[in-house]
Amino acid sequence: MIQYKPVTGEFDLTGKTAVVTGGAGAIGLETARMYARKGANLVLVDVKDDVPQVAEDLEKEFGVRAIGVHADLTSQDDVENVVRETLKTFGEVHILANVAGRVDLDNAEDIDVRLVENQINVNAIGAFRLTQKIGQVMIEQGKGGKIVCVTSQAGFIAIDKHIGYTMSKAAMIGMIKVLALEWAEFGINVNGVAPTVVRTVLGERAWQGEVKERMLKAIPANRFAEADEIAAAILFLSCDESNMITGENLVIDGGFTIQ
Ligand SMILES: NC(=O)c1ccc[n+]([C@@H]2O[C@H](COP(=O)([O-])OP(=O)(O)OC[C@H]3O[C@@H](n4cnc5c(N)ncnc54)[C@H](O)[C@@H]3O)[C@@H](O)[C@H]2O)c1
């Protein structure tokens, strides 16, 4: 059962431990900052070498405890080490934000199949690899938990050159639904947020020149999203205010997919 807990609208995370993958990237870092502002301790997970430094900076800025664990989500050993380090430092884990991801664009007829595999390996299987391990810990703890995955609009509509990315994010959306169904009895909420283009390095790389202008015109809000807007939705889905929401994939697209 997912318990009802009276809430204040303050999105408080005091005393919680949150694991954020892609924590040294744009949306992951904004998510970590928002969690820290609400009092959560942090485990940042990233394949980037500077992830311990990013964690140290957050500790200084927000006065919470934070560690950075260098890990590649395609490695089972790395993922198990993330869980070990988390429990060694904090004893428990309450929130997982699956933010890490990669994108490689090409026409379906030309793309190297290895690039399709890589995207599925990181965005879908890599996310599941860690989610399974953290889910096992949450079930064992018996206190419920919150899992939020960053999917994409590309997970449910067709976008030119996005074949591998779409396959990976569609798989992630499927994963969210099955986990939400299976883990509700353990009090674990599993949800996603599905952004349109976000103004990050990853977003800018995929949307340049003429395709960028066309995309902007097709978004009723007439702009791309910002990383903090995505982080705010992740925060909402990570606290008790959203306890009755599970299996959802919240679209954050300025209206792009309404027509
Ligand atoms: N930026 C956009 O336009 C946009 C739109 C929709 C969805 N998304 C999704 O949002 C998430 C974050 O994207 P972002 O824009 O912040 O990009 P980003 O590149 O700034 O962040 C992604 C992070 O994931 C990390 N990462 C990649 N592969 C990894 C691996 N194998 N193991 C561990 N860490 C790994 C990277 O090092 C990076 O720090 C991604 O899942 C992306 O697919 C982004």
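If you're wondering where the values come from, they're calculated on a predicted model, not measured in any experiment.

What counts, and at which threshold
Residues numbered from 1 in each chain as written. Predicted model: local features only at pLDDT ≥ 70, side-chain atom pairs only at ≥ 80, totals over all residues. Heavy atoms only, no water. Helix = DSSP H or I, 4+ residues; strand = E, 2+ residues; numbered from the N terminus. Buried < 20%, exposed > 50% of the residue type's maximum accessible area, 1.4 Å probe, protein only. Polar contact = N/O pair within 3.5 Å; in protein donor to acceptor, adjacent residues only side chain to side chain. Contact = heavy atoms within 4.5 Å. Near = heavy atom within 4 Å. Areas by Shrake-Rupley, 256 points an atom, 1.4 Å probe, with all protein chains shown as cover. Nonpolar A, V, L, I, M, F, W, Y, C, P; charged D, E, K, R; others polar. pLDDT = per-residue confidence, 0-100. Expected span 1.5 Å × (residues − 1). Pairing = 2+ DSSP bridges. Axes fitted to C-alpha atoms, helices over the stretch in contact; angles between N-to-C directions.

**A look at the environment of P6**
Along the polypeptide, P6 turns up in the segment before β1 (17-21). On the basis of relative accessibility, which here comes to 68%, the residue P6 falls in the exposed class. Here the alpha-carbon distance between P6 and N41, two residues 35 residues apart in the chain, equals 22 Å.

**So, the side chain of T151**
Position of T151 among the secondary structure elements: in the loop between β5 (145-150) and α5 (163-183). A polar atom in the side chain of T151 sits 2.8 Å from the side chain of N249. Excluding anything up to four places from it in sequence, T151 contacts Y165, K169, M172, I173, I176, V193, A194, P195 and N249.

**Structural notes on the site of the ligand**
As a structural note, the neighbourhood of the ligand is formed by 27 residues, with D46, V99, Y165, V198 and T200 the closest of them. At a separation of 2.9 Å, an oxygen atom of the ligand approaches a polar backbone atom of A26. With respect to the ligand, the backbone of V198 contributes an N or O atom lying 2.7 Å from an oxygen atom. Contact with the protein chains hides 91% of the accessible area of the ligand, taken as 830 Å² for the molecule alone. Going through the elements one at a time, α1 (26-37), α5 and α6 (201-206) are the ones with two or more residues in the shell around the ligand. Of the residues that constitute the shell around the ligand, the class distribution is 15 nonpolar, eight polar and four charged.

**Quick word on the confidence of the model for the chain**
For the chain, mean pLDDT is 97; residues scoring 70 or higher make up 100% of the total. Taking the mean pLDDT of every element in the chain, the minimum, 88, falls on α6 and the maximum, 99, on strand β4 (residues 95-98).

**A few points about helix α4 (residues 113-141)**
With 29 residues, α4 extends 40 Å between its outermost C-alpha atoms, agreeing within 8% with the 42 Å of an ideal straight helix rising 1.5 Å per residue. Backbone geometry just downstream of α4 places G142 in the positive-phi region, at approximately 70°.

**Thoughts on the sheet that holds strand β6 (residues 188-195)**
In space, the seven strands of this open sheet follow the order β3-β2-β1-β4-β5-β6-β7, with parallel pairing throughout. The sheet is open, and its two borders are formed by β3 (66-70) and β7 (249-252), each paired with just one other strand. Each neighbouring strand pair of the sheet contributes to a mean axis angle of 15°, computed without reference to strand direction. Across five bridges, the pairing between strand β2 (residues 41-46) and β3 is parallel. When the sheet's bridge partners are listed, V43 is paired in β3 with I67. Along the sheet, α4 contacts β1, β4, β5 and β6; its crossing angle with β4, the most-contacted strand, is approximately 175°.

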